[in-house]
Amino acid sequence: AQTVTQSQPEMSVQEAETVTLSCTYDTSESDYYLFWYKQPPSRQMILVIRQEAYKQQNATENRFSVNFQKAAKSFSLKISDSQLGDAAMYFCAYRRIYGNKLVFGAGTILRVKS
Amino acid sequence: DVKVTQSSRYLVKRTGEKVFLECVQDMDHENMFWYRQDPGLGLRLIYFSYDVKMKEKGDIPEGYSVSREKKERFSLILESASTNQTSMYLCASSPGTGGPGELFFGEGSRLTVL
């Protein structure tokens with residue numbers, strides 16, 4: 001079974017600085033999708049960024065980018081120019097190409113200091 | 001805008017009570033999911049449905065059942081609530097197979113069983 005591991009329960013970053021959240025996963029599949037979701041306090045979870053494993057280029061969405069290392073099964077999220085609104089729980093998730101279910105990591109709480 | 005609505009944000013129930021958690025989506029999505037979120041454990045899949053009246057067990061189905069009589073509505077049922085079912089419950093939906101299958105989440109239902 002696929003597993004997703006987020007080894008950092010909590011991270012802190014100063015406003016305007018850059019922070020990287022780590023995620024590793026375990027799978028025997030060669031093609032799959034990876035996601036980062038954001039859950040702000042008392043608000044619904046939203047998609048931040050996704051990566052298709054067959055694409056070598058790292059995905060980028062404005063201040064959010066990923067470092068996808070397929071051989072190492074690593075999928076980290078970099079947030080540049082951190083803002084107070086980035087404070088949230090971040091979840092890494094995996095999905096097989098042919099499947100409906102997402103497997104989530106335990107999450108990382110990100111605190112942003114002003 | 002895409003919307004997934006969960007009927008109750010906060011519920012308090014007594015041990016042994018039957019509990020219904022309702023979820024409605026307005027995106028005509030085929031797939032609907034119920035996840036349970038606990039600190040340090042991330043999101044764990046309870047059940048999902050890929051069509052009306054169709055369902056599949058997730059990773060932690062024990063003590064739960066589901067109902068999907070209409071495409072837009074997916075209900076989670078706790079037949080006899082127990083204290084270890086105190087948790088945050090998240091409903092999500094996604095389009096049918098093909099494509100990345102991004103999940104759209106509701107705001108969550110926080111259930112306390114006394």
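Notes on the structure in this doc start here. All values derive from a computational prediction rather than experimental measurement.

1. Comments concerning the overall build of chain A
So, step 1. Secondary structure assignment for chain A yields zero helices and 12 strands.
So, step 2. Its helices and strands taken in sequence order, chain A reads β-β-β-β-β-β-β-β-β-β-β-β from the N to the C terminus.
So, step 3. Across its three principal directions, the C-alpha atoms of chain A cover 40 × 30 × 20 Å.
So, step 4. Residue pairs in contact within chain A that sit at least 24 positions apart in sequence constitute 55% of those at least 6 positions apart.
So, step 5. Element-wise, carbon and sulfur atoms account for 43% of the exposed surface of chain A, whose accessible area totals about 5700 Å².

2. Concerning the interface of chain A and chain B
So, step 1. Listed by partner, the interface residues are 17 residues for chain A and 22 residues for chain B.
So, step 2. Roughly 1800 Å² of surface becomes buried between chain A and chain B when both sides are summed, with 53% attributable to carbon and sulfur atoms.
So, step 3. Taken together, the connections running from chain A to chain B amount to one salt bridge.
So, step 4. The interface formed by chain A and chain B contains five residue pairs in polar contact (both at pLDDT 80 or more).
So, step 5. Elements supplying a minimum of two residues to the side of chain A that touches chain B: β5 (32-39), β6 (46-52) and β10 (88-96) of chain A.
So, step 6. The greatest single-element share of the side of chain A that touches chain B, amounting to four residues, is contributed by β5 of chain A.
So, step 7. Among the residues forming the side of chain A that touches chain B, the class breakdown is nine nonpolar, five polar and three charged.

3. Regarding the layout of surface pockets
So, step 1. Its volume calculated, the largest pocket comes out at about 530 Å³.
So, step 2. Contributing to the lining of the largest pocket are 27 residues, with Q39 and M89 of chain A together with Q37, M88 and R110 of chain B lying nearest its centre.
So, step 3. Within the residue set of the lining of the largest pocket, elements represented by two or more residues are β10 and β12 (108-113) of chain A together with β4 (31-38) and β9 (87-94) of chain B.
So, step 4. Residue classes in the lining of the largest pocket are distributed as 13 nonpolar, seven polar and seven charged.
So, step 5. Here the second largest pocket is characterised by a volume of approximately 460 Å³.
So, step 6. Those elements that place two or more of their residues in the lining of the second largest pocket are β1 (3-5), β10 and β11 (103-104) of chain A together with β5 (42-51) of chain B.
So, step 7. A breakdown of the residues in the lining of the second largest pocket according to their chemical character gives 13 nonpolar, seven polar and five charged.

Calculation criteria
- Residues numbered from 1 in each chain as written.
- Chains lettered and ligands numbered in written order.
- Predicted model: local features only at pLDDT ≥ 70, side-chain atom pairs only at ≥ 80, totals over all residues.
- Heavy atoms only, no water.
- Helix = DSSP H or I, 4+ residues; strand = E, 2+ residues; numbered from the N terminus.
- Contact = heavy atoms within 4.5 Å.
- Areas by Shrake-Rupley, 256 points an atom, 1.4 Å probe, with all protein chains shown as cover.
- Buried area = accessible area lost by both parts, 1.4 Å probe.
- Salt bridge = Lys/Arg side-chain N within 4 Å of Asp/Glu carboxyl O.
- Polar contact = N/O pair within 3.5 Å; in protein donor to acceptor, adjacent residues only side chain to side chain.
- Nonpolar A, V, L, I, M, F, W, Y, C, P; charged D, E, K, R; others polar.
- 1 Å grid on protein atoms, 1.4 Å probe; cavity = no way out; pocket = protein on both sides within 12 Å on 5 of 7 lines; lining within 4 Å.
- Points joined across faces, edges and corners; volume = space filled by probe spheres on them.

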